[in-house]
Amino acid sequence: ITSAVAFDILPLKLHTFSQSTPTGLDCVGWKRRISSLVITDGALDKTALTDDVGSEEDLYEDFRSSNHRYGHPGGGGEQLAINELISDGSVVYAEALWDHVTMDDQELGFKAGDVIEVMDATNKEWWWGRILDSEGWFPASFVRLRVNQDEPMEDYPLKVEGGKEDDSSSGTRRFGMGQTTKDQMRTNVINEIISTERDYIKHLKDICEGYIKQCRKRADMFTEEQLKTIFGNIEDIYRCQKKFVKALEKKFNKDHPHLSEVGSCFLEYQTEFQIYSEYCNNHPNACMELSRLTKVNKYVYFFEACRLLQKMIDISLDGFLLTPVQKICKYPLQLAELLKYTNPQHRDFKDVEAALNAMKNVARLINERKRRLENIDKIAQWQSSIEDWEGEDVLVRSSELIYSGELTKISHPQAKSQQRMFFLFDHQLVCCKKDLLRRDILYYKSRINMDDMEILDVEDGKDKDFNISVKNAFKLHCQDTEEVHLFCAKKPEQKQRWLKAFENERRQVQLDQETGFSITEVQKKQAMLNASKQHHTGKPKAVTRPYYDFLMRQKHPTLPTTLPQQQVFMLAEPKRKPSNFWQNISRLTPFRK
């Protein structure tokens, strides 16, 4: 067994709508008696379902309990091979596709891009691994095994004087059963890129032909709006990927794969890959709609029949729909590894380097949009905690909290000063008052439309408009109505932070207009509904884990019982400094994140 084999270890889970579902490999033929199962232009042929194998329920249970798995990744031969490598003393490394954030000290937390030493892979869903001095369980579906397992965990090849690479990273190494060079390692990465693209195209084809095509024949079960929600723009992605894989294959040197020049392909399609943003943003809506539909048995049977007729691996539909999200995250990891094994003198070096930056930018844009969508739930929860709220919801116009803090507001006509809490969102500034006794309770007072305002820096001294002496002050001025708002901060640095925040707010609004970012009415309503339910039920109690006490008594703890929900997909790049905006809100309101 050589480490040149590329594994995508993404385990299966029979529970519905796992967020950690595999990308999968090509399926093997299903040998059961399903030739008579036909989806016609009309209703699902029930005689085909019952004549040979019993009722629909029996058929479905038979399918779910069957041991056929189409040779899925993460099980069978591949998983056995991983454990054989580990038992033989080989070190097996995996790279994190997403952040794994955990509060359980028996689980291994990591960030996307971290390299993990896999120490035990006997379980399909949870593996035991190590990062530096930390060990613990982690979800196998959050990682991909490295192509070149014998390569140590250093970063890109070190440069020495004269611009040449350090020989220590390019010399001959023991690789499997023979000798190999850095060119062989590059060959492995190129082969992985080509093979995973072909597998991915098959997945997209199966979804489009196996599910969407059949769903469109059933107008009695699905509306066009439902299909758009479930499948998003995956057909556009399929068309784009077909062109992309053809371009890759033209650049693929079959005789000498290490000489292939694939970097230019990624550069050529970097703009088209931005269509993934729409798909990734819609994916949570797809999961919710599927969850709603599959509460009805006829939809469960229908989706299962679609899968079987297309001879797809045993994964639920939401698992297949997760593959585009996973794919766009993999490109920067693959290109980073390709660059690592590409000599600077190689004709493909500059293109690969540029392609890596381009694909990071594509995924960064997608991540930012996804983060913004997740923020709307926090904004809705914050609004639900404010007492005496008036007017339209914040989400009607805004989707981002830019800054928050305490300011003194001075009003006409008597230049009355009031201490208030202000929350700057895109398009609006919300003013709240603290409760006199319960300082953690806020009351809504007013809001200012930032689209009509200009920011004026006010020098320390007497202000002629308000005829009072001010310090650390600034104004918001509306040119149309001549409306003026005067604010004072406690310290000069606080004033500067506010002035910077106002600049950021305008920049955010402009960027949203340029990129076309928007939140659908459905997403807004759902966020407010969720916040309303949580507000009425009160603060949720901490989740208890029945096996926690048992885990603490174990030297090698038992497996976690549930897969974590994948919250955010991130790249192998430095994360932005955590914002303390929401921490400020949580200290000031009853809402706790």
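Residues numbered from 1 in each chain as written. Predicted model: local features only at pLDDT ≥ 70, side-chain atom pairs only at ≥ 80, totals over all residues. Heavy atoms only, no water.

**Student:** What is the right way to look at helix H11 (residues 323–340) in this model?
**Tutor:** Along an α-helix, residues three or four apart share an orientation, since each turn contains 3.6 residues. With 18 residues, H11 extends 26 Å between its outermost C-alpha atoms, agreeing within 8% with the 26 Å of an ideal straight helix rising 1.5 Å per residue. With 18 of its 18 residues buried, H11 lies for the most part within the structure. (Helix = DSSP H or I, 4+ residues; strand = E, 2+ residues; numbered from the N terminus. Expected span 1.5 Å × (residues − 1). Buried < 20%, exposed > 50% of the residue type's maximum accessible area, 1.4 Å probe, protein only.)

**Student:** What am I meant to see in the sheet that holds strand E1 (residues 92–96) here?
**Tutor:** Sheets are built from strands that pair by backbone hydrogen bonding, the pairs being arranged parallel or antiparallel. The strand order across the open sheet formed by five strands is E4-E3-E2-E1-E5, and the pairing between neighbours is antiparallel. At either end of the open sheet lies a strand with only one pairing partner, and these are strand E4 (134–139) and strand E5 (143–145). With direction set aside, neighbouring strand axes in the sheet form an average angle of 45°. Of the pairings in the sheet, the one linking strand E2 (residues 115–120) to strand E3 (residues 126–131) comprises three bridges and is antiparallel in character. (Pairing = 2+ DSSP bridges. Axes fitted to C-alpha atoms, helices over the stretch in contact; angles between N-to-C directions.)

**Student:** Would you take a moment to explain the pattern of salt bridges for this structure?
**Tutor:** When their charged atoms lie close together, side chains carrying opposite charge are able to pair. One pass over the structure, following the stated rule, counts 33 salt bridges. A salt bridge links Asp 220 to Arg 218, with the shortest nitrogen-to-oxygen separation between them at 2.8 Å. A single network of salt bridges, built from pairs that share partners, joins Glu 368, Arg 371, Arg 372, Glu 400 and Asp 512. (Salt bridge = Lys/Arg side-chain N within 4 Å of Asp/Glu carboxyl O.)

**Student:** How should I be thinking about the nonpolar core in this particular structure?
**Tutor:** Across soluble globular proteins, you tend to see nonpolar side chains buried next to one another. Among the nonpolar cores identified, the biggest contains 85 residues, and Phe 231, Phe 266, Phe 273 and Ile 328 are the most heavily contacted of them. Ranked by the residues each element gives to this core, the list is headed by helix H4 (residues 182–216), at 13 residues. Both domains that meet at this core, namely domain 1 (75–145) and domain 2 (181–374), each give it at least three residues. Discounting residues that sit within four places of it in the chain, Phe 273 has contacts with Cys 240, Gln 241, Phe 244, Phe 266, Ile 328, Tyr 331, Met 359 and Val 362. The next biggest cluster of nonpolar side chains, apart from the first, holds 22 residues, and it includes Ile 376, Leu 395, Met 421 and Leu 442. (Core = buried A, V, L, I, M, F, W, Y, C linked by side-chain atoms within 4.5 Å. Domains from an automatic or database assignment. Contact = heavy atoms within 4.5 Å.)

**Student:** Would you mind showing me how to read the pairing of strand E10 (residues 428–434) here?
**Tutor:** Sheet faces and side chains relate simply in a regular strand, where the side chains alternate between the two faces. Counted residue by residue, E10 has six buried out of seven residues, so it is predominantly covered. As paired strands, strand E9 (residues 416–425) and E10 are joined by five bridges and run antiparallel to one another. Looking at E10, one finds that Met 421 is bridged to Cys 432. Direction of pairing for E10 relative to strand E11 (residues 442–449): antiparallel, over a ladder of seven bridges. Bridge pairing in E11 links Cys 431 to Ser 446.

**Student:** Honestly, the sheet that holds strand E8 (residues 401–411) in this entry has me stumped. Any pointers?
**Tutor:** Reading across from one edge, E11-E10-E9-E8-E16-E15-E12 is the order of the seven strands in this open sheet, with antiparallel pairing throughout. In this open sheet, the two strands that pair with only one neighbour each are E11 and strand E12 (453–458). In this sheet, neighbouring strand axes are inclined to one another by 35° on average, regardless of whether the strands run parallel or antiparallel. Each of E8, E9, E10 and E11 touches helix H12 (residues 349–385); the most contacted strand, E9, lies at about 155° to it. Docked against the sheet, helix H13 (residues 492–515) engages E8, E9, E10, E12 and strand E15 (473–478), running at close to 125° with respect to E8.

**Student:** Would you take a moment to explain a negative patch on the surface for this structure?
**Tutor:** On the surface, a cluster of negative charge is made up of Asp 452, Asp 480, Glu 482 and Glu 483. Along the polypeptide, Glu 483 turns up in the loop between E15 and strand E16 (484–488). (Patch = residues over 30% accessible without salt bridge, like charges linked within 9 Å, V, L, I, M, F, W, Y side chains within 5 Å. Areas by Shrake-Rupley, 256 points an atom, 1.4 Å probe, with all protein chains shown as cover. Lys, Arg positive; Asp, Glu negative; His and termini not counted. Charge placed at Lys NZ, Arg CZ, Asp CG, Glu CD.)

**Student:** I would appreciate a short explanation of the packing of aromatic side chains in the present structure.
**Tutor:** One pair of aromatic rings is described through two measures. These are the centre distance and the angle between the planes. Counting across every chain of the model gives 26 aromatic pairs. One aromatic cluster in this structure is built from Tyr 211, Phe 222, Tyr 299, Phe 302, Phe 303 and Phe 320. Lying over the aromatic face of Tyr 238, Lys 242 brings its terminal NZ or CZ to 4.5 Å of the ring centre. (Phe/Tyr/Trp six-rings, centres within 6.5 Å; stacked < 30°, edge-to-face > 60°. Lys NZ or Arg CZ within 6 Å of the ring centre and 35° of its normal.)

**Student:** Sorry, what's going on with the packing of H4 against helix H6 (residues 234–251) here?
**Tutor:** Packed helix pairs are specified by the crossing angle of their axes together with the interaxial distance, meaning the distance between the axes. At their nearest, the axes of H4 and H6 sit 10 Å apart, and the two run at 150° to each other. Relative to H6, the element H4 is oriented roughly antiparallel. Relative to H6, H4 is oriented so that their crossing is left-handed. Each of Ile 193, Ile 194, Glu 197, Arg 198, Tyr 200, Ile 201, Leu 204, Lys 205, Ile 207, Cys 208, Ile 212 and Arg 216 in H4 lies in contact with H6, whose residues at this interface are Ile 234, Glu 235, Ile 237, Tyr 238, Gln 241, Lys 242, Phe 244, Val 245, Leu 248 and Glu 249. Tallied by class, the residues present in the contact of H4 with H6 amount to 14 nonpolar, one polar and seven charged. (Parallel < 35°, antiparallel > 145°, perpendicular 65-115°, else oblique. Left-handed = near helix turned anticlockwise from the far one by under 90°. Nonpolar A, V, L, I, M, F, W, Y, C, P; charged D, E, K, R; others polar.)

**Student:** Looking at this structure, how should I read unusual backbone geometry?
**Tutor:** Where the residue is not glycine, phi is negative for most of them; where a peptide bond is considered, it is trans in most cases. The phi torsion at Lys 311 lies on the positive side, around 55°, for a residue other than glycine. When you line up the elements, Lys 311 lands in the loop between helix H9 (297–309) and helix H10 (317–321). Overall, the relative accessible area of 39% leaves Lys 311 in the partly exposed class.

**Student:** How do you make sense of the packing of H6 against helix H8 (residues 275–293) when you look at a structure like this?
**Tutor:** Two numbers describe how H6 lies on H8: the axes approach to 9 Å, and their chain directions differ by 145°. As H6 packs across H8, the resulting crossing turns out to be left-handed. Taken together, the residues of H8 that come into contact with H6 (itself represented by Ile 234, Asp 236, Ile 237, Cys 240 and Gln 241) are Ile 275, Tyr 276 and Tyr 279. Class assignment of the residues belonging to the contact of H6 with H8 gives a composition of six nonpolar, one polar and one charged.

**Student:** Where do I start with the side chain of Lys 524 in this structure?
**Tutor:** With respect to the secondary-structure elements, Lys 524 resides in helix H14 (residues 521–537). Those residues in contact with Lys 524 that sit more than four places away from it in its chain are Leu 395, Val 396 and Ile 519.

**Student:** Help me understand H6 in this model?
**Tutor:** In this model H6 runs 25 Å from its N-terminal to its C-terminal C-alpha over 18 residues, within 8% of the 26 Å that 1.5 Å per residue would give. All of the buried residues in H6 are Ile 234, Ile 237, Tyr 238, Cys 240, Gln 241, Phe 244, Val 245, Ala 247 and Leu 248. Among the structural elements, H4, helix H5 (224–231), helix H7 (263–269), H8, H10 and H11 are those in contact with the buried residues of H6.

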